[in-house]
Number of protein chains: 2
Amino acid sequence: MVNLEVKNTNMSSGMQAFPMNLASILEHAARFHGDQEIVSRLASGGVHRYTYSDALTRSRQLANALQSYGIEVGDRVATLAWNEYRHLEAWYGIAGQGAICHTVNPRLFPDQIRFIINHASDRLIFVDPSFIGLLEEIQDEIPSIELFVVLSDKAQFPVTTLKNAIDYESFIADQSDVFSWAELDEESPSSLCYTSGTTGDPKGVLYSHRSNLLMAYASSSADAFNLSALSTVLMVVPMFHANSWGLVYSAPMTGAKLVLPGPHLDGASVYDLVSSENVTFSAAVPTVWSMLLEHMTTNNLKLPDLKEVVIGGSAVPKAMIVRFKQDYGVDVLQAWGMTELSPLGTLNRPKPATLKLDADAQLKVAAKQGRAIFGVQMCIKDDDGLELPFDGKTSGRLMVRGPWVVKSYFRNDSVILDGDGWFDTGDIATIDSDGFMQITDRAKDIIKSGGEWISSVDLENAAIGHPDVRQAAVIGVPHPKWEERPLLLVKLKDGASLDAQLIKEYLSGEVAKWWIPEDIRFVSEIPLTATGKIDKKVLRSQFITSSDA
Amino acid sequence: MVNLEVKNTNMSSGMQAFPMNLASILEHAARFHGDQEIVSRLASGGVHRYTYSDALTRSRQLANALQSYGIEVGDRVATLAWNEYRHLEAWYGIAGQGAICHTVNPRLFPDQIRFIINHASDRLIFVDPSFIGLLEEIQDEIPSIELFVVLSDKAQFPVTTLKNAIDYESFIADQSDVFSWAELDEESPSSLCYTSGTTGDPKGVLYSHRSNLLMAYASSSADAFNLSALSTVLMVVPMFHANSWGLVYSAPMTGAKLVLPGPHLDGASVYDLVSSENVTFSAAVPTVWSMLLEHMTTNNLKLPDLKEVVIGGSAVPKAMIVRFKQDYGVDVLQAWGMTELSPLGTLNRPKPATLKLDADAQLKVAAKQGRAIFGVQMCIKDDDGLELPFDGKTSGRLMVRGPWVVKSYFRNDSVILDGDGWFDTGDIATIDSDGFMQITDRAKDIIKSGGEWISSVDLENAAIGHPDVRQAAVIGVPHPKWEERPLLLVKLKDGASLDAQLIKEYLSGEVAKWWIPEDIRFVSEIPLTATGKIDKKVLRSQFITSSDA
């Protein structure tokens, strides 16, 4: 572990200590950008607008309401909601008051939601009317919840079997809008986000005021999100997912106009909001952008104000980068992060060397996940823990450390850092000499063959390049001599016919010879997870017999 | 005082603590921008170029050299040097090793230099060959200095009477380029800069790793210096002046190319460097920009790469803003800061509301000092300590607080914050409803000449020292090149006779040469206020014609 034995010089600096409290962000926004708008698309389809000044007033009222109720420093208060203004007030009101804002992801299975609410011992939960049914189902199994605060006013309060519920507006009504934010050690926890992972129970990542604030500084910088008072930010990435990429903090920090899309993320809805609110910047997963592109192409639409979209969550197809740029003048910026990283680790913006490359080579660089933002230390290591070179070829375990990287999971004693304080991201990556990182595979999907690694993702992409292949999936299967060999599963396009030999011949022009799978099988369906990724767990259970393992 | 009684939640967050060390900036630059250049114009006129990777290697060697010598955490090590690569290595090597880098301003009077070296108890001093004469003169009066390290190699080592001197290259030769940076509490002091102030002895501002690093984050952001890996930064602002506006940290943090101009700041030299190195961004006091404009106009030159110049130190004439924009396509950005603020407090970039104004109104906004960058809290107060409105009309004492604002001066017990933790900047300002701050009355009566301060009080006191002078008053009058020059008004003792030349000769033994007023006038009466102070308002109305202002 680094940084445990710090030297004390016995000489204090002449600077003010000034511990960071996230509420200082909203205070700054209200003071220097008081008239700037926060626009929320509601579930009803209507639009709510108010200002940073209004948001601050109501966040202070909420903080007073929480304090009157008896919420104390360190208590957990949950939210189960879309991106909208009351949810934003909850983030600032809860954390600013010293409690911990636990964002519950409504896309989890009810069993997981029950598990994380109990694990966090949440005392209150702020819930969107559309998720009430979900909580009604499990309310008897989440005994720590004392009160359900429904994100509505009294008039729109829904019929519910929830036993102790109140509408948000009644909860904060008559509360003073004067509040002294908690004077906390800045490493105090501010918020909690569980990562569902692939196996086992969800694990909680407990952010601090410090970690969120530092990441907001770094992520808003010119070579990251590049936010300013002239930006209009559409925050598509959900507040319940990976800390909303910190935009809840970085947008008000810079005085950007903030647009919150609520539940409607189809192409038409996103287009409508980007267009009517003159959005300049947005961040989301590729699926959202596919739907937007489809909608714009079909309807022959343009978005003259939109300048940049950041895409994370999974690799961006090069074709999408090209289409956004050529047809719409929009720069697509790849990013990489994870819940354990608050979440931002890298962002892809060009360097002087990049701009000297030809168009094809520039596109290759743009398809990488990008460079570490300052504050994230990053390296790749082999299985023995030795650092590997930044040569763009050697791949290894992607390791990170820094002030917004997880140290340990909430209420979990497992040691998750190596001896030098590095967190293993579970990704396999290369880093080139210019510092551009590229994820080549998930560690659990990489195929280890004769001591060398074969990227299942690269092999799938190569196979999909064949004009007759609709989908491809690769898993490693045990092999007596090579330890593992790739098994390629192919779903053909309608009407196409192919055989294994033809695919092997095709692949021999695309990948190293020793990567080519001996075993290729044709399937009618490739199983997907709820979020649309190839479900390799199912594939392994289908194609690896227990005698193999 | 705020923030003294912080609540402890007894619950630690799940984030890594990771105290900040300034050396992490250079490590990041070397790892992700290792090939990026640092270009130094030398005193000889030649140019030195190397990379962030080289700078890191040599900073580590220097840190080893300091450690071998016996420099310990908390020791003060001084520099007396121009902006060039060895000076940059000294900043990182000294602070990264845990010692404190004390930048001595060569423009101070020898008595002040002696005072601050003794006050800081500096053990070593890194000195540019051009300043050796200055130290030779006072070497017997600065007993704490054990060793003079001359910023040269062995071949260029000058003839000197300095008793214990070595050239920089010999000092770091044979040192390992492997070094483990000090693991410090991040509030440990990193650097020390004295402000000459208006009265009394210079006062030291002791920065910390934390304060410098946070300011680098904030000042590099899109609405401040807007630095990225595509920027080329000409750092005109001296490293011995106001912490070089943090550019020594923010440029490598973002991977910008860094150009260091050495001692030559005349129009031709600055033009040459901006042009040949394709500089996109620079920061300096107005005098430097006046000289550059003059040179370009006279010689009919252009600077196609230059996009933005930040101007601070004193108010920018509107004509300069217009000329830069109309004739050269360069945006002039006003900034405001002070040594006690590390130094950046505000920067002037437009808001959406600004862009809706007509050209004249936009220019009026652009001539203000700008908006507080996030991290600096700012208000104006009346003499009773009550906060005044942000209405653009009401003026008051400009007050600041935050993690890079001074708490107390070095080795000085004076209380300099008010009961709420605010530091009184000594400036009088308005703040408008959009948050744009404007200094209306310069810090009392200080004269800003060529970006440096001349204390009117000190000058008056020097003049009064003459046996024939009864009273003296100094005000600043506008000057086309130096922005302001002092005007000295003298009331003689009864029966005495003197002329301006004799007073100038007298003053030359009392103050720095460039302080000596060109204009000295004899008066029969000096107007006083009710409380017996010199009434400078009256003097200004008498001696500054409206055409000057």
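Residues numbered from 1 in each chain as written. Chains lettered and ligands numbered in written order. Predicted model: local features only at pLDDT ≥ 70, side-chain atom pairs only at ≥ 80, totals over all residues. Heavy atoms only, no water.

Summing up its helical and strand segments, chain A has 16 helices and 25 strands in all. By its C-alpha atoms, chain A is 75 × 65 × 55 Å across when sized along the principal axes. When the 549 residues of chain A are sorted by exposure, 58% land in the buried category. Restricting to contacts in chain A with at least 6 residues of sequence separation, those with at least 24 account for 65%. Accessible surface computed for chain A: about 21300 Å², of which carbon and sulfur atoms make up 49%. Within chain A, the 68 negative side-chain charges are centred at a point lying 4 Å from the centre of the 48 positive side-chain charges. (Helix = DSSP H or I, 4+ residues; strand = E, 2+ residues; numbered from the N terminus. Buried < 20%, exposed > 50% of the residue type's maximum accessible area, 1.4 Å probe, protein only. Contact = heavy atoms within 4.5 Å. Areas by Shrake-Rupley, 256 points an atom, 1.4 Å probe, with all protein chains shown as cover. Lys, Arg positive; Asp, Glu negative; His and termini not counted. Charge placed at Lys NZ, Arg CZ, Asp CG, Glu CD.)

So, on to helix α16 (residues 536-543) of chain B. Residue and element names in this part refer to chain B. Considered for burial, the residues of α16 that qualify are Lys-536, Leu-539 and Phe-543. Across the axial projection of α16, the buried residues extend over an arc of 55°, all falling on one side. Facing away from the buried surface of α16 by more than 90 degrees, the exposed residues are Lys-537 and Ser-541. Its side-chain oxygen at 3.3 Å from the backbone nitrogen of Lys-537, Asp-535 defines the N-terminal cap of α16. (Arc of directions from axis to C-beta. Polar contact = N/O pair within 3.5 Å; in protein donor to acceptor, adjacent residues only side chain to side chain.)

Turning to the environment of B:Lys351, a few remarks are in order. Position of B:Lys351 relative to the elements: it lies in the loop between β15 (344-347) and α12 (352-355). Each C-alpha atom, one on B:Lys351 and one on B:Asp434, is 8.1 Å from the other, the two residues being 83 residues apart in sequence. In this view, B:Lys351 contacts A:Phe32, A:His33, A:Ala229, A:Leu230, B:Arg371, B:Asp434 and B:Phe436; residues no more than four positions away in its chain are not counted. Only 2.5 Å separates the side chain of B:Lys351 from the backbone oxygen of A:Phe32, close enough to count as a polar contact.

To continue, consider the sheet that holds strand β12 (residues 281-284) of chain B. All names here are of chain B. If you walk across this open sheet you meet the nine strands as β2-β1-β11-β10-β12-β13-β14-β15-β16, and the pairing is mixed. In this open sheet, the two strands that pair with only one neighbour each are β2 (47-51) and β16 (371-372). Pairing geometry for strand β1 (residues 37-41) and β2, over five bridges, is antiparallel. If you follow Glu-37 over to β2, its bridge partner there is Thr-51. Helix-sheet contacts for helix α10 (residues 286-299) involve β12 and β13 (308-311), and the interaxial angle to β12 is about 125°. (Pairing = 2+ DSSP bridges. Axes fitted to C-alpha atoms, helices over the stretch in contact; angles between N-to-C directions.)

The next subject is the pattern of salt bridges. According to the stated counting rule, one finds 63 salt bridges over all chains in the structure shown. One salt bridge connects B:Glu146 with B:Arg123, and the closest N-O pair in it is separated by 2.7 Å. Here B:Glu146 is found in the loop between α5 (132-138) and β6 (147-150), whereas its partner B:Arg123 is found in the loop between α4 (110-120) and β5 (124-127), with 23 residues between them in sequence. By sharing partners, the salt bridges in this structure join A:Glu37, A:Arg49, A:Lys257 and A:Glu277 into a single network. (Salt bridge = Lys/Arg side-chain N within 4 Å of Asp/Glu carboxyl O.)

Residues and elements named next belong to chain B. Going through the model one piece at a time under the given rule, you end up with 27 aromatic pairs over all chains. On the numbers, 5.1 Å between centres and 40° between planes, the contact of Trp-82 with Phe-131 is tilted. Of this pair, Trp-82 sits in the loop between β3 (76-80) and α3 (85-96) while Phe-131 sits in the loop between β5 and α5, and the two are 49 residues apart along the sequence. Residue class for Trp-82 comes out buried when judged on its relative accessible area of 17%. We classify Phe-131 as buried; its relative accessible area is 9%. (Phe/Tyr/Trp six-rings, centres within 6.5 Å; stacked < 30°, edge-to-face > 60°.)

Turning to the packing of α10(B) against helix α11 (residues 318-328) of chain B, a few remarks are in order. Helices that pack against each other are described as a pair by the angle of their axes relative to one another and the distance between those axes. All names here are of chain B. The interhelical angle for the contact between α10 and α11, taken along N-to-C directions, is 40°, at an axis separation of 11 Å. Between α10 and α11, the angle is such that the two are oblique. For the crossing formed where α10 meets α11, the hand is left-handed. Across the interface between the two elements, Pro-286, Trp-289, Ser-290, Leu-293, Glu-294, Met-296 and Thr-297 from α10 touch Met-320, Arg-323, Phe-324 and Tyr-328 from α11. Residue classes in the contact of α10 with α11 are distributed as seven nonpolar, two polar and two charged. (Parallel < 35°, antiparallel > 145°, perpendicular 65-115°, else oblique. Left-handed = near helix turned anticlockwise from the far one by under 90°. Nonpolar A, V, L, I, M, F, W, Y, C, P; charged D, E, K, R; others polar.)

What follows deals with the interface of chain A and chain B. Counting residues at the interface gives 83 residues for chain A, matched by 83 residues for chain B. Between chain A and chain B, a total of about 7100 Å² is buried, with carbon and sulfur atoms accounting for 59% of that surface. In this assembly, chain A and chain B are joined by four salt bridges. Close ionic contact of B:Glu387 with A:Arg31 constitutes a salt bridge, the shortest N to O distance being 3.1 Å. Remark: the boundary between chain A and chain B carries 28 residue pairs in polar contact (both at pLDDT 80 or more). At the level of elements, α1 (23-32), β9 (203-208), α7 (209-219), α8 (247-254), α12 (352-355), β16 (371-372), β17 (377-381) and β18 (396-401) of chain A are the ones that each hand at least two residues to the side of chain A that touches chain B. Counting residues per element, the side of chain A that touches chain B draws most heavily on α7(A), which supplies six residues. (Buried area = accessible area lost by both parts, 1.4 Å probe.)

Among the nonpolar cores identified, the biggest contains 192 residues, and A:Phe126, A:Phe171, A:Met378, B:Phe126, B:Phe171 and B:Met378 are the most heavily contacted of them. Excluding residues that lie within four positions of it along the chain, A:Phe171 makes contacts with A:Leu62, A:Ala65, A:Leu66, A:Tyr69, A:Leu124, A:Phe126, A:Leu147, A:Val149 and A:Ile166. Grouped together as the second largest cluster of nonpolar side chains are 29 residues, B:Val236, B:Leu292, B:Leu303 and B:Val316 included. (Core = buried A, V, L, I, M, F, W, Y, C linked by side-chain atoms within 4.5 Å.)

What follows covers the pairing of strand β5 (residues 124-127) of chain A. Residue and element names in this part refer to chain A. On β5, burial covers both faces: Leu-124 and Phe-126 on one face and Ile-125 and Val-127 on the other are all buried. As defined by bridge partners, strand β3 (residues 76-80) adjoins β5 across four bridges and the pair is classed as parallel. Bridge assignment links Thr-79 to a residue of β5, and that residue is Phe-126. Across four bridges, β5 lies against strand β6 (residues 147-150) in parallel orientation. Within the sheet, the bridge partner assigned to Leu-124 lies in β6 and is Leu-147. A crossover links β5 with its parallel partner β6, the connecting element being helix α5 (residues 132-138), and its sense is right-handed. (Right-handed = clockwise from strand over helix to strand, strands pointing away.)

This part takes up unusual backbone geometry. Following A:Ser342, the chain continues into A:Pro343 via a peptide bond in cis, with omega recorded as 5°. Turning to its location among the elements, A:Pro343 is positioned in the loop between β14 (331-337) and β15 (344-347). Backbone geometry places B:Ser121, a non-glycine residue, at a positive phi of 50°. Looking at the secondary structure, you find B:Ser121 in the loop between α4 and β5. Since its relative accessible area comes to 25%, B:Ser121 is described here as partly exposed.

As a further point, take the sheet that holds β3(B). By way of backbone hydrogen bonds, the strands of a sheet pair with one another, either parallel or antiparallel. Residues and elements named next belong to chain B. Spatially, seven strands are ordered β7-β6-β5-β3-β4-β8-β9 in an open sheet, and the strand pairing comes out mixed. Unpaired on one side and paired on the other, β7 (165-167) and β9 (203-208) mark the two borders of the sheet. The mean angle between the axes of side-by-side strands here comes to 25°, regardless of whether they run parallel or antiparallel. As defined by bridge partners, β6 adjoins β7 across three bridges and the pair is classed as parallel. Its bridge partner lying in β7, Val-150 is registered against Asp-167.

Residue and element names in this part refer to chain B. All of the buried residues along α11 are Met-320, Ile-321, Phe-324 and Tyr-328. Viewed end-on, α11 has its buried residues packed into an arc of 105°, placing them on one side of the element. Within α11, the exposed residues directed more than 90 degrees away from the buried face are Ala-319 and Gln-326. Gly-329 occupies a position one or two residues after α11 and carries a positive phi of about 65°.

Here we come to the packing of helix α9 (residues 267-276) of chain A against helix α10 (residues 286-299) of chain A. Residues and elements named next belong to chain A. α10 packs onto α9 with a crossing angle of 80° between their chain directions and a minimal axis gap of 8 Å. Considering their axes alone, α9 and α10 lie roughly perpendicular with respect to each other. Mapping the contact onto sequence places Gly-267, Ala-268, Val-270 and Tyr-271 in α9 and Val-288, Met-291, Leu-292, His-295 and Met-296 in α10. Of the residues assigned to the contact of α9 with α10, the class counts are seven nonpolar, two polar and no charged.

Interpreting fine coordinate detail is not advised for predicted regions of low pLDDT. All names here are of chain A. Of the residues in chain A, 96% reach a pLDDT of 70 or more, and the chain-wide mean stands at 92. Segment residues 1-9: pLDDT under 50, and 26 contacts once partners within four positions in sequence are set aside and those in other chains are kept. On the interface metric, ipTM, the complex scores 0.89, and its pTM is 0.87. (pLDDT = per-residue confidence, 0-100.)

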